[in-house]
Amino acid sequence: MTAKKRNFVSPIETGNIEFIRPSKLEKPGVLVEATFVESLPNAFDSNKLDYKFSGDKGKTIILNGAGNLGYQMERINGGDFVQISYEGKKKIESGKMEGRMAHNFKVLVDKPEK
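These figures come from a predicted structure and were not determined experimentally. (Residues numbered from 1 in each chain as written. Predicted model: local features only at pLDDT ≥ 70, side-chain atom pairs only at ≥ 80, totals over all residues. Heavy atoms only, no water.)

> Looking at this structure, how should I read the overall build of the protein chain?
Check the secondary structure of the protein chain and you find 1 helix and 6 strands. Within the protein chain, buried positions represent 26% of all 114 residues. Sequence separation of at least 24 residues holds for 47% of the intrachain contacts in the protein chain that already meet a minimum separation of 6. With the model as given, the accessible surface of the protein chain reaches about 8700 Å², and the carbon-plus-sulfur share is 49%. (Helix = DSSP H or I, 4+ residues; strand = E, 2+ residues; numbered from the N terminus. Buried < 20%, exposed > 50% of the residue type's maximum accessible area, 1.4 Å probe, protein only. Contact = heavy atoms within 4.5 Å. Areas by Shrake-Rupley, 256 points an atom, 1.4 Å probe, with all protein chains shown as cover.)

> Help me understand the nonpolar core, please; the structure alone is not making it clear to me.
Within the largest apolar cluster, 17 residues are counted, with the highest numbers of intra-cluster contacts made by Val32, Phe53, Leu69, Met73 and Ile84. Contributions of two or more residues to this core are made by strand 2 (29-41), strand 3 (49-54), strand 4 (60-64), helix 1 (69-73), strand 5 (81-91) and strand 6 (101-109). For Met73, the contacting residues outside a window of four places in its chain are Phe36, Tyr51, Phe53, Ile84 and Val107. (Core = buried A, V, L, I, M, F, W, Y, C linked by side-chain atoms within 4.5 Å.)

> Would you take a moment to explain the side chain of Asn104 for this structure?
Along the chain, Asn104 falls in strand 6. Its relative accessible area of 15% is what places Asn104 among the buried residues. Asn104 has contacts with Asn68, Ser85, Tyr86, Glu87, Gly88 and Lys90, leaving out every residue within four places of it along the chain.

> How should the side chain of Asn64 be read in this particular structure?
With respect to the element layout, Asn64 can be found in strand 4. Polar side-chain contacts of Asn64 include one of 3.0 Å to the side chain of Asp50. In this view, Asn64 contacts Ile20, Arg21, Pro22, Asn42, Leu49, Asp50 and Leu69; residues no more than four positions away in its chain are not counted. (Polar contact = N/O pair within 3.5 Å; in protein donor to acceptor, adjacent residues only side chain to side chain.)

> Please clarify how the confidence of the model for the protein chain should be interpreted in this entry.
Low pLDDT marks stretches whose predicted atomic positions should not be read closely. Looking at the protein chain as a whole, the pLDDT averages 87, with 87% of positions reaching at least 70. When the elements of the protein chain are averaged for pLDDT, strand 1 (residues 17-20) gives the smallest value, 91, and strand 3 the largest, 96. (pLDDT = per-residue confidence, 0-100.)

Have a look at this one:
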């Protein structure tokens, strides 16, 4: 009996996983148009969540939480098709973080007509 030859590849190298870090974003625009899968704990900051999406052709997208993204994602359910746009940084107007710059996002959810 001969062993089956295996062809292991890294999903990152094959382009099946995309990581989006707000700290690396430079200009406004649409970041994600995909199906929301789940929220995940951030590996480096337990106070933040990351968001996992399933995109075209089996692509997995992981968007690190930042700015107002977490608040907007609270109303999104697993299986919802969303569009997430990055709107750049904006100065926080009030609260304990007043005056600091924060990443600003817009989250839209597809609501099919009945």
